[in-house]
Amino acid sequence: MSTNEKKQRNEEEYEIVDRSKQGVEGVFIWGQMMPNNEPHDVTFELLGEGRKIADKLNTKLTAVLIGYNVKKWAQELIYRGADRVIVVDHEKLKTFAVLPYTQVIYDIIQKEKPEVFLFGATTFGRELAPRVAARVHTGLSADCTMFDVGDYVNRRKKLKFENVLYMVRPSFGESKLATILCPLNFPQMASARPGIFIPLKRDETRKGEIIDFTPEFSEKDFVVDVLDVNVGGGEQIDLKGAKIIVSGGRGVGEKGFDMLREFVKVLREKGYKAELGASRGAVEAGYISSKHQVGQTGTTVRPDVYIAIGISGAIQHLAGMKESKYIIAINKDHEAPIFSVATFGIVGDYQDVVPIMIEKVRKGEMVFPVTQ
Amino acid sequence: MSNKTFKIAVLIKQVPIPSKMRATKEGLMDRSVASMMNPYCKHALEAALELKDTIGEEKTEIWVISMGPPNFEQSLREALSMGADHAILLSDRKLAGSDTYATAKALGTLIQKLGVNFNIVFAGLQTIDGDTAHVGPQVAERLGIPHVSYVEKIDFKGDHVVVRRILEGGNITYKVPLPALLTITNTANKPRGPRLKYAIRAKNEEIKVYSVDDIGLTAEEVGSAGSPTLVYRVKNVTHDRPPCQFMEGETVEDKVNMLAEKLRELVEASKAEAVEA
Ligand SMILES: Cc1cc2nc3c(=O)[nH]c(=O)nc-3n(C[C@H](O)[C@H](O)[C@H](O)COP(=O)(O)OP(=O)(O)OC[C@H]3O[C@@H](n4cnc5c(N)ncnc54)[C@H](O)[C@@H]3O)c2cc1C
């Protein structure tokens, strides 16, 4: 008998634990709202992926919608894939704060006993999910990019688990994909990287149930006050529609941004759809408004040409631009990580390089490979 | 008794140098390679040191706390050389394989065991090896204190802090009563280097090492046994981007000319494709 056959025969004698038959049921997602009182895109992505998981587990998909004046979105979440929407609508929940939101989700988990609970790996999601997991005493897998359902055999305990959630996430500096399981605790919790999962087509024939939920708060849930929320507003810029993005980092300085504005202007004069981008380093230093920010917490872009000037290439910046068709990096440090994703690199001071580039574009001596 | 009335804890982790990062055959992080203080933890420590500068050195005490193998002492000593006052290491084979839940349980229990009533706890937003951002919030939950993640600005106001945190497309400002835990981003500050005046203390200060027994937990509550999650398998990913072509030349002008040439080739190639199609 081969070892494989032996293994298989052994496993036949294992006790089978069906995850979906342990008094827990249903796939839940947190339907995240943004300060403008619209759902974050990841909400629709979670509904798309959650639907797939729920179908594999032959169970329902529930969205938890928390905020103030948010009930109007419940029907929309059903059109986008939810079978049920639990609405927690309360003036005190208007802006995200981790303590009351944790309590709400904790109460819902206690009452509903979900099998799976997914969050978007947004800045809110990654603040909230770990606190919830610690309160309900379960595991949490961060920033997942793939899910599946399958078996898990624990040879030591002679147990075979069926219908376990496979949570796959990049690890070891994105060089590997690790599959994480949480076979013993409920719910199986994960956060899902935004921009990865595919939303469903909006379908107005989809039917679902809308349920109001009133949580039990105590004073200690509201010890933190929201003082100010500051998101974009004002002049809109079109980073997503641009064919060329000239993007500046902390290495450019305030004056340098004037040079980059000039670069964008000259490109536009030549008929290119060009826009000015920036790293968070530059935004944080106050060189430019956050509307220009590219990256994980800014805009995700994929122009034909992305020109990164004085940007080191932190992983959060790369997350928002590495799918660009061609990347040109200008940096005085030849070891800057930005070069790891660049098509073309110039090692040098931007103050020397960029004026020559502008001049060449102006004279028609530098052209760019852009699509129509 | 010390008259240092304001007590700060900073959670610190040591991580492999990114280029050396690799998995063991069990799919866990190989901790035997060259390592450094996790960059986000350095920003957390800097936030603590800035707070110490604000409140006054004579009134403030910084405790750096870590959990990991004995060689994590390296980062703790580095923290002392930057201006931390006390260093604690929770180190025990029983802790091997801890996920974030078990790690937070161990660290939270240790902090309670120390019996220092910390006014504020800082942690790095995340580590560059685990990348979860879980441990800070989970320690706060254990300690029963509020937390804010993604903090990039802190104003100290005595019995509370006003903090600004990163948000997609902007930021949010909260007023947080103390004690609280804050996780700090890399945009918050610029960490200082070691200071000569702390060099001797950093070398001689005793690093107090605690075991799992010492903090009153059992082997079942920590390590892989106490972890709800497990790593089922690890696969390699392949990247398809070709390496960067560096522009060469005697002068900057030459390099830019070479770039112009490369771009022109791409434009012509796409024109040729368009004609064929
Ligand atoms: C939760 C979170 C979310 C984040 N989201 C984002 C995001 O969405 N977008 C984002 O960009 N960042 C984001 N960040 C921040 C990110 O980690 C980096 O801190 C940031 O991208 C660094 O910006 P930078 O490259 O401009 O600055 P630095 O890292 O300081 O790099 C400056 C670069 O300029 C080069 N340089 C300096 N002078 C010159 C010169 N004269 N000529 C040429 N080169 C020069 C230097 O060599 C260096 O490489 C986020 C961080 C966190 C924690």
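Residues numbered from 1 in each chain as written. Chains lettered and ligands numbered in written order. Predicted model: local features only at pLDDT ≥ 70, side-chain atom pairs only at ≥ 80, totals over all residues. Heavy atoms only, no water.

**Student:** Would you mind going over the overall build of chain B with me for this structure?
**Tutor:** Per the secondary structure count, chain B includes six helices and 13 strands. In terms of its C-alpha atoms, chain B occupies a principal-axis envelope of roughly 80 × 45 × 40 Å. In chain B, buried positions account for 53% of the 277 residues. Here the analysis covers contacts within chain B between residues at least 6 apart in sequence; of these, 71% occur between residues at least 24 apart. One way to put it: in chain B the 35 positive side-chain charges average out to a point 5 Å from where the 36 negative ones average out. (Helix = DSSP H or I, 4+ residues; strand = E, 2+ residues; numbered from the N terminus. Buried < 20%, exposed > 50% of the residue type's maximum accessible area, 1.4 Å probe, protein only. Contact = heavy atoms within 4.5 Å. Lys, Arg positive; Asp, Glu negative; His and termini not counted. Charge placed at Lys NZ, Arg CZ, Asp CG, Glu CD.)

**Student:** It is not clear to me how the domain arrangement of chain B should be interpreted in this structure. Could you clarify?
**Tutor:** The extent of an interface is frequently quoted as the accessible surface area lost upon association of the parts. Along its sequence, chain B is carved into domain 1 (6-221) and domain 2 (242-277). Taking only C-alpha atoms into account, the centre of domain 1 of chain B sits 47 Å from that of domain 2 of chain B. (Domains from an automatic or database assignment.)

**Student:** Can you help me understand the interface of chain A and chain B in this one?
**Tutor:** Between chain A and chain B, the residue contacts involve 84 residues of the former and 74 residues of the latter. Carbon and sulfur atoms make up 58% of the surface buried where chain A meets chain B, a total of about 6900 Å² over both sides. In terms of surface lost to chain B, no three residues of chain A exceed Arg-131, Phe-172 and Phe-344 of chain A, which account for 11% of the buried area on that side. Linking chain A with chain B are six salt bridges, by the criterion used here. Note that Glu-141 of chain B and Arg-135 of chain A form a salt bridge whose closest N and O atoms lie 2.7 Å from each other. Counting every contact that joins chain A to chain B gives 35 residue pairs in polar contact (both at pLDDT 80 or more). Ranked by residues supplied to the side of chain A that touches chain B, first place goes to helix α5 (residues 123-136) of chain A with nine residues. (Buried area = accessible area lost by both parts, 1.4 Å probe. Salt bridge = Lys/Arg side-chain N within 4 Å of Asp/Glu carboxyl O. Polar contact = N/O pair within 3.5 Å; in protein donor to acceptor, adjacent residues only side chain to side chain.)

**Student:** Is there a simple way to think about the confidence of the model for chain B in this case?
**Tutor:** Interpretation of the predicted coordinates at a detailed level should be avoided for regions scoring low in pLDDT. Per-residue confidence for chain B gives a mean pLDDT of 93, with 98% of residues at or over 70. Both scores are given for the predicted complex: the pTM is 0.85, the ipTM 0.90. (pLDDT = per-residue confidence, 0-100.)

**Student:** Explain the sheet that holds strand β11 (residues 209-212) of chain A to me, please; I cannot follow it from the model alone.
**Tutor:** Hydrogen bonding along the main chain pairs the strands of a sheet, whether they run parallel or antiparallel. Residue and element names in this part refer to chain A. Taken in spatial order, the seven strands line up as β6-β10-β5-β2-β3-β4-β11 in an open sheet, and their pairing is parallel. On the outer flanks of this sheet lie β6 (140-144) and β11, each paired with one strand and no other. Averaged over neighbouring strand pairs, the angle between their axes works out to 20° when direction is ignored. Looking at chain direction, strand β4 (residues 84-89) and β11 are connected through four bridges and run parallel. (Pairing = 2+ DSSP bridges. Axes fitted to C-alpha atoms, helices over the stretch in contact; angles between N-to-C directions.)

**Student:** Mind showing me how you'd approach the site of the ligand here?
**Tutor:** Close to the ligand lie 29 residues, the nearest being Arg-250, Ser-279, Thr-297 and Ser-312 of chain A together with Asn-186 of chain B. Near the ligand, the surrounding residues are drawn from chains A and B. Contact distances for the ligand include 3.4 Å between an oxygen atom and a backbone N or O atom of Gly-281 of chain A. Backbone polar atom of Gly-298 of chain A to an oxygen atom of the ligand: 3.3 Å apart, as the coordinates give it. Its free accessible area being 970 Å², the ligand has 89% of it covered by the protein chains. Sorting the residues of the shell around the ligand by element identifies α7 (280-284) and α8 (315-318) of chain A as the ones contributing at least two each. Within the shell around the ligand, the residues separate by chemical class into seven nonpolar, 17 polar and five charged. (Near = heavy atom within 4 Å. Areas by Shrake-Rupley, 256 points an atom, 1.4 Å probe, with all protein chains shown as cover. Nonpolar A, V, L, I, M, F, W, Y, C, P; charged D, E, K, R; others polar.)

**Student:** Any chance you could explain the environment of Tyr-326 of chain A here in plain terms?
**Tutor:** Relative to the elements of secondary structure, Tyr-326 of chain A occurs in strand β16 (residues 326-331). Here Tyr-326 of chain A falls in the buried class, since its relative accessible area comes to 17%. Linking Tyr-326 of chain A and Val-149 of chain A, residues 177 residues apart in sequence, is a C-alpha distance of 37 Å. Residues contacting Tyr-326 of chain A, with those up to four places away along its chain left out, are Asp-304, Val-305, Tyr-306, Thr-343 and Pro-369 of chain A together with Leu-266 of chain B.

**Student:** How do you make sense of the pattern of salt bridges when you look at a structure like this?
**Tutor:** Pairing between side chains of opposite charge can happen when their charged atoms approach one another. Across all of its chains, the model carries 38 salt bridges over all chains by this definition. Of the charged contacts, one joins Asp-143 of chain A and Arg-126 of chain A as a salt bridge, the two residues approaching to 3.9 Å between their closest N and O atoms. Of the two residues, Asp-143 of chain A sits in strand β6 while Arg-126 of chain A sits in helix α5, which places them 17 residues apart along the sequence. Each member of the pair, Asp-143 of chain A as well as Arg-126 of chain A, is classed as buried. Here Glu-253 of chain B and Lys-360 of chain A are joined by a salt bridge, their closest N and O atoms 3.3 Å apart. In this pair, Glu-253 of chain B sits in helix α6 (residues 252-276) while Lys-360 of chain A sits in helix α9 (residues 350-362), so the two residues belong to two different chains. The exposure class of Glu-253 of chain B is partly exposed, given its relative accessible area of 38%. With relative accessibility at 7%, the residue Lys-360 of chain A sits in the buried group.

**Student:** Just checking my understanding: could you explain the sheet that holds strand β15 (residues 305-309) of chain A for this structure?
**Tutor:** Spatially, the six strands line up as an open sheet ordered β14(A)-β13(A)-β15(A)-β16(A)-β17(A)-β13(B), and their pairing is parallel. Where the open sheet ends on each side, the last strands, each with one partner, are β14 (274-278) of chain A together with β13 (245-246) of chain B. By the bridge criterion, five bridges tie strand β13 (residues 244-248) of chain A to β15 of chain A in an arrangement that is parallel. What sits directly across from Ile-244 of chain A, in β15 of chain A, is Val-305 of chain A. Along the sheet face, helix α6 (residues 253-269) of chain A touches β13, β14 and β15 of chain A and points at about 160° away from the line of β14 of chain A. Most of the contacts of α6 of chain B go to strand β17 (residues 344-347) of chain A, to which it runs at about 170°, and overall it touches β16 and β17 of chain A together with β13 of chain B.

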